[in-house]
Amino acid sequence: ISEWQLVIDENGDSALDCNSVFDLPMQTNGATNEYFTSIAIESEGDDEEQSWSIAVGGHSGTVWLFDGSVYETGNGSRFKFRLNGFWAALDGSIDHIEIHPSSDHVIAAGLSHKVKVWAVGRDVNPSLAGSCSLDGHVISMHWDDEKCDAIVGTDQGTVWCLRRNRRKLLAIPMTRS
């Protein structure tokens with residue numbers, strides 16, 4: 001991960017400076033490289049604090065969980081983030097990811113035909129809180145604000161209603177094109 005900043009000198013010339021770089025660890029199924037395929041960001045607390053929970057999904061099924069915040073510098077503000085943990089969430093690409101900081105849940109879906117809900121917690125010790133299999137690759141997914149109900153579309157032309165409660169994730173087919 002690289003953080004870049006546009007710097008303009010006294011002559012008006014501009015350049016990109018790299019402020020920090022670090023390699024992300026991964027837990028994948030034999031993959032040697034991982035690239036980001038999805039991101040979800042949800043704010044925590046009030047607007048004054050400017051802090052966020054960030055979940056990033058990768059093409060081999062890894063999820064990385066970050067905390068992010070804004071801080072002031074002499075030349076404006078910068079965004080900083082801290083890696084809290086990571087885990088193998090799906091077998092295959094994570095094309096859709098959701099995060100719900102107040103309940104510590106991360107929802108991942110994608111190429112594997114599965115939608116998985118993970119209870120994560122601040123210690124990033126993920127446990128599977130619910131899972132369901134659909135008829136194809138998840139190509140669209142939208143959850144309500146509390147991450148209890150969702151509408152999901154697959155590459156097979158099926159629209160699904162997902163309902164999450166306790167340790168179950170129920171998939172109800174709504175229509176097929």
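What you are looking at is a predicted structure, and each value in this text was computed from that prediction instead of being measured.

Caption draft 1: Looking closely at the side chain of Ser38. Position of Ser38 among the secondary structure elements: in strand E3 (residues 36–44). Side-chain polar atoms of Ser38 contact the backbone oxygen of Ile94, separated by 3.1 Å. Not counting chain neighbours up to four residues away, the residues in contact with Ser38 comprise Ala55, Val56, Gly57, Ile94, Asp95, His96 and Ile97.

Caption draft 2: How the structure looks around the sheet that holds strand E10 (residues 127–133). The strand order across the open sheet built from four strands is E7-E8-E9-E10, with neighbouring strands paired in antiparallel fashion. In this open sheet, the two edge strands, each paired with only one partner strand, are strand E7 (94–100) and E10. On average, each strand axis in the sheet is tilted by 15° relative to the strand beside it, whichever way the strands run. As judged from the five bridges shared by strand E8 (residues 105–110) and strand E9 (residues 114–119), these two strands associate in the antiparallel manner. In the strand pairing of E9, Ala108 is matched with Lys116.

Caption draft 3: Geometry of the pattern of salt bridges. A full pass over the atoms with the stated rule returns two salt bridges. For Arg82, the salt bridge is made with Asp67, and the minimal N-O distance between the two is 2.9 Å. Of the two residues, Arg82 sits in strand E6 (residues 76–88) while Asp67 sits in strand E5 (residues 62–73), which places them 15 residues apart along the sequence. According to the relative accessible area criterion, Asp67 is buried, its value standing at 18%. The closest approach of N and O atoms between Asp149 and Arg163, which form a salt bridge, is 2.6 Å. A residue pair is termed long-range when its members are at least 10 positions apart, and Asp149 in strand E12 (residues 149–154) and Arg163 in strand E13 (residues 158–165) qualify at 14 residues.

Caption draft 4: Local environment of the side chain of Ser69. Assignment of secondary structure puts Ser69 in strand E5. For Ser69, a relative accessible area of 19% translates into the label buried. Those residues in contact with Ser69 that lie beyond four places of it in its chain are Gln50, Ser51, Trp52, Arg78, Phe79 and Lys80.

Cut-offs applied
Residues numbered from 1 in each chain as written. Predicted model: local features only at pLDDT ≥ 70, side-chain atom pairs only at ≥ 80, totals over all residues. Heavy atoms only, no water. Helix = DSSP H or I, 4+ residues; strand = E, 2+ residues; numbered from the N terminus. Polar contact = N/O pair within 3.5 Å; in protein donor to acceptor, adjacent residues only side chain to side chain. Contact = heavy atoms within 4.5 Å. Pairing = 2+ DSSP bridges. Axes fitted to C-alpha atoms, helices over the stretch in contact; angles between N-to-C directions. Salt bridge = Lys/Arg side-chain N within 4 Å of Asp/Glu carboxyl O. Buried < 20%, exposed > 50% of the residue type's maximum accessible area, 1.4 Å probe, protein only.

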